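As a plain string of letters, each chain reads:
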Amino acid sequence: MQRAAPQTFDRVLSSMCTEPHPAAREAAERFLATNPGDPATYAEIGDLETRAVATLGELAGLGSAPPNETETSVAARDAPPYGYVTSGGTEANIQAVRSARNRADADDPNVVAPESVHFSFTKAAEVLGVELRTIPTDDDHRADVDAVGAAIDSETVLVVGVAGSTEYGRVDPIPELADLAHDAGAYCHVDAAWGGFLLPFTDHEWHFGHAPIDSMTIDPHKCGRAVIPAGGLLFRERAGMDALAVDTPYLESTSQASLTGTRSGAGVAGAAAAMDALWPDGYRREYERADDLAGWFADELRKRGYDVADVELPIVVVDLESPTFDALRDRNWRLSRTGSGLVRVVVMPHVTRGMLRRFLAALDEIR
Ligand code: 0PR
């Protein structure tokens with residue numbers, strides 16, 4: 001059988017995925033046939049998951065794990081962080097909504113979120129029978145705190161903030177959203193699926209240490225350089241995970257909190273290996289590189305007369321005419337557009353200055 005050509009990243013500009021770290025590739029291969037959904041049988045991968053969750057907790061402001069931490073399985077933990085390695089941000093967001101719905105007392109539950117939330121919340125709302133109220137963002141594409149407040153009522157179970165939005169890379173005012181949620185007796189979830197591995201090196205207030213948030217999505221398979229599939233879900237309290245657990249009568253472990261049953265040991269092992277290799281210094285270096293490169297690229301586009309949004313986290317949003325967009329796609333540049341037709345360049349680890357120079361040369365040629 002002929003083998004398909006492997007994916008190359010040399011013209012991929014709009015993706016939130018990237019080349020995994022070599023240590024993540026290697027670890028993923030070793031654990032391909034293991035199932036973290038059954039940690040009593042696959043104990044080694046269970047330990048790696050505990051380690052991965054502990055590191056995610058450190059990134060997300062839940063404090064560092066004690067050194068003997070790897071000896072306790074995720075299910076048996078009795079210290080934060082509580083959580084697990086999901087199949088991605090979609091599963092983590094669905095589970096955050098499910099946990100809040102199961103914990104809160106509402107007959108007709110709703111979730112309040114800025115319109116910048118990822119479409120996985122639409123899936124969550126449909127699957128869970130919850131109403132999703134999306135609220136227009138402010139002029140800078142951030143959650144409008146007053147408008148969110150006005151949409152919250154006694155049936156609100158969850159208020160969502162985004163820390164690194166999919167389209168503009170914006171960070172919502174998380175402490176204010178958490179206060180609104182708690183004043184109404186609701187939970188607060190932060191979606192840092194993409195931003196979570198960049199934000200520790202910024203001044204933003206986004207994590208468990210900055211605000212009384214209850215849960216977070218933070219994905220190793222995006223800026224964490226793990227292999228796909230590896231998302232992350234974290235809770236401040238054990239009750240968050242407990243609300244997801246179902247009994248597993250014929251397994252040695254007595255309950256399971258994940259949405260999927262059999263899960264990818266490769267994803268879990270890759271996440272643990274990537275974070276071991278890169279947290280914190282490797283991630284800090286990559287954040288500084290990407291931040292610098294995004295600023296340079298935005299300036300180059302502005303010099304050419306294009307309208308470019310302010311860059312906050314390394315996503316550059318530029319207004320290109322449709323024929324230009326089509327001509328770039330024809331030349332194999334992998335680009336995508338926002339809901340309002342703007343082009344997004346996500347400066348992921350595989351995006352280099354050389355690559356962006358070639359892109360600008362192509363743009364100059366097309367004009
Ligand atoms: N939350 C945020 C803030 C996201 O940006 C995304 C994905 C998710 C949740 C969902 O994560 P999973 O895709 O892991 O379930 N954002 C990207 C997007 O929709 C996903 C993506 C990734 C799309 C790579 C294309 C691609 O090549 O743009």
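The rules we used
- Residues numbered from 1 in each chain as written.
- Predicted model: local features only at pLDDT ≥ 70, side-chain atom pairs only at ≥ 80, totals over all residues.
- Heavy atoms only, no water.
- Pairing = 2+ DSSP bridges.
- Helix = DSSP H or I, 4+ residues; strand = E, 2+ residues; numbered from the N terminus.
- Right-handed = clockwise from strand over helix to strand, strands pointing away.
- 1 Å grid on protein atoms, 1.4 Å probe; cavity = no way out; pocket = protein on both sides within 12 Å on 5 of 7 lines; lining within 4 Å.
- Points joined across faces, edges and corners; volume = space filled by probe spheres on them.
- Nonpolar A, V, L, I, M, F, W, Y, C, P; charged D, E, K, R; others polar.
- Domains from an automatic or database assignment.
- pLDDT = per-residue confidence, 0-100.
- Contact = heavy atoms within 4.5 Å.
- Axes fitted to C-alpha atoms, helices over the stretch in contact; angles between N-to-C directions.
- Parallel < 35°, antiparallel > 145°, perpendicular 65-115°, else oblique.
- Left-handed = near helix turned anticlockwise from the far one by under 90°.
- Near = heavy atom within 4 Å.
- Polar contact = N/O pair within 3.5 Å; in protein donor to acceptor, adjacent residues only side chain to side chain.
- Areas by Shrake-Rupley, 256 points an atom, 1.4 Å probe, with all protein chains shown as cover.
- UniProt positions renumbered as here; feature names shortened; annotations may be inferred.
- Buried < 20%, exposed > 50% of the residue type's maximum accessible area, 1.4 Å probe, protein only.

1. Some words on the pairing of strand β3 (residues 131-135)
Consideration 1: With five bridges connecting them, strand β2 (residues 110-114) and β3 associate as parallel partners. Within β3, the position partnered with Asn110 by the bridge is Glu131.
Consideration 2: The parallel pair β2 and β3, bridged by helix α4 (residues 120-128), forms a crossover whose chirality is right-handed.

2. What about empty space enclosed by the protein?
Consideration 1: Taken as a whole and assessed by the stated rule, the structure comprises one cavity of 30 Å³ or more.
Consideration 2: Roughly 40 Å³ of volume is contained in the largest cavity.
Consideration 3: Of the residues that constitute the lining of the largest cavity, the class distribution is seven nonpolar, no polar and one charged.
Consideration 4: Each of two domains, domain 1 (23-278) and domain 2 (281-366), supplies a minimum of three residues to the lining of the largest cavity.

3. Concerning the confidence of the model for the protein
Consideration 1: For the protein, per-residue confidence averages 94 on the pLDDT scale, and 96% of positions sit at 70 or higher.
Consideration 2: Confidence drops under a pLDDT of 50 for residues 67-72, and excluding neighbours within four residues, the segment shows seven contacts in the predicted structure.
Consideration 3: Reported confidences for the modelled complex are a pTM of 0.96 and an ipTM of 0.97.

4. Focus: the packing of helix α9 (residues 281-303) against helix α11 (residues 353-366)
Consideration 1: Following both chains from N to C, one finds α9 and α11 inclined at 15 degrees, their axes separated by 11 Å at the closest point. It follows that α9 is roughly parallel to α11 by the angle criterion. As for the relative orientation of α9 and α11, their crossing is right-handed in sense. Every residue of α11 that contacts α9 at Asp292, Leu293, Trp296, Phe297, Glu300 and Leu301 is listed here: Arg353, Leu356, Arg357, Phe359, Leu360 and Leu363.
Consideration 2: Of the residues contributing to the contact of α9 with α11, the split by class is eight nonpolar, no polar and four charged.

5. A look at unusual backbone geometry
Consideration 1: With omega at 5 degrees, the peptide bond leading from Ile228 into Pro229 counts as cis.
Consideration 2: If you trace the backbone, Pro229 turns up in the loop between β6 (215-217) and β7 (231-235).
Consideration 3: Cis geometry is found at the peptide bond from Trp279 to Pro280, where omega equals -5 degrees.
Consideration 4: Assignment of secondary structure puts Pro280 in the loop between α8 (265-278) and α9.
Consideration 5: Of note in the backbone geometry, His141 takes a positive phi value of approximately 65 degrees without being a glycine.
Consideration 6: Within the secondary structure layout, His141 lies in the loop between β3 and α5 (145-151).

6. Considering the packing of helix α3 (residues 89-103) against α4
Consideration 1: Here α3 crosses α4 at 45 degrees, and the two axes come no closer than 9 Å. Between α3 and α4, the interaxial angle falls into the category oblique. Crossing angle aside, the handedness with which α3 passes α4 is right-handed. Along the contact surface, α3 presents Gly89, Thr90, Asn93, Ile94, Val97, Arg98 and Arg101, while α4 presents Ser120, Phe121, Lys123, Ala124 and Leu128.
Consideration 2: Looking at the contact of α3 with α4, its residues break down into five nonpolar, four polar and three charged.

7. Re the site of the ligand
Consideration 1: In the neighbourhood of the ligand, 16 residues make up the surrounding shell, with Ser15, Thr90, Thr166, Asp191 and Lys222 lying closest.
Consideration 2: Taking His118, its side chain carries an N or O atom lying 3.1 Å from an oxygen atom of the ligand.
Consideration 3: The contact in question runs from an oxygen atom of the ligand to an N or O atom on the side chain of Lys222, over 2.8 Å.
Consideration 4: About the coverage of the ligand: the protein hides 76% of its 590 Å² of free accessible area.
Consideration 5: No other element matches the three residues that α3 contributes to the shell around the ligand.

8. Describing the UniProt feature "modified residue: N6-(pyridoxal phosphate)lysine" (unreviewed entry) in the protein
Consideration 1: Sequence positions flagged by UniProt for "modified residue: N6-(pyridoxal phosphate)lysine" (unreviewed entry) are, in local numbering, Lys222.
Consideration 2: As for its placement among the helices and strands, Lys222 is situated in the loop between β6 and β7.
Consideration 3: With a relative accessible area of 13%, Lys222 lands in the buried category.
Consideration 4: Other than its neighbours up to four places away in sequence, Lys222 contacts Met16, Thr18, Gly89, Ala193, Trp194 and Met348.

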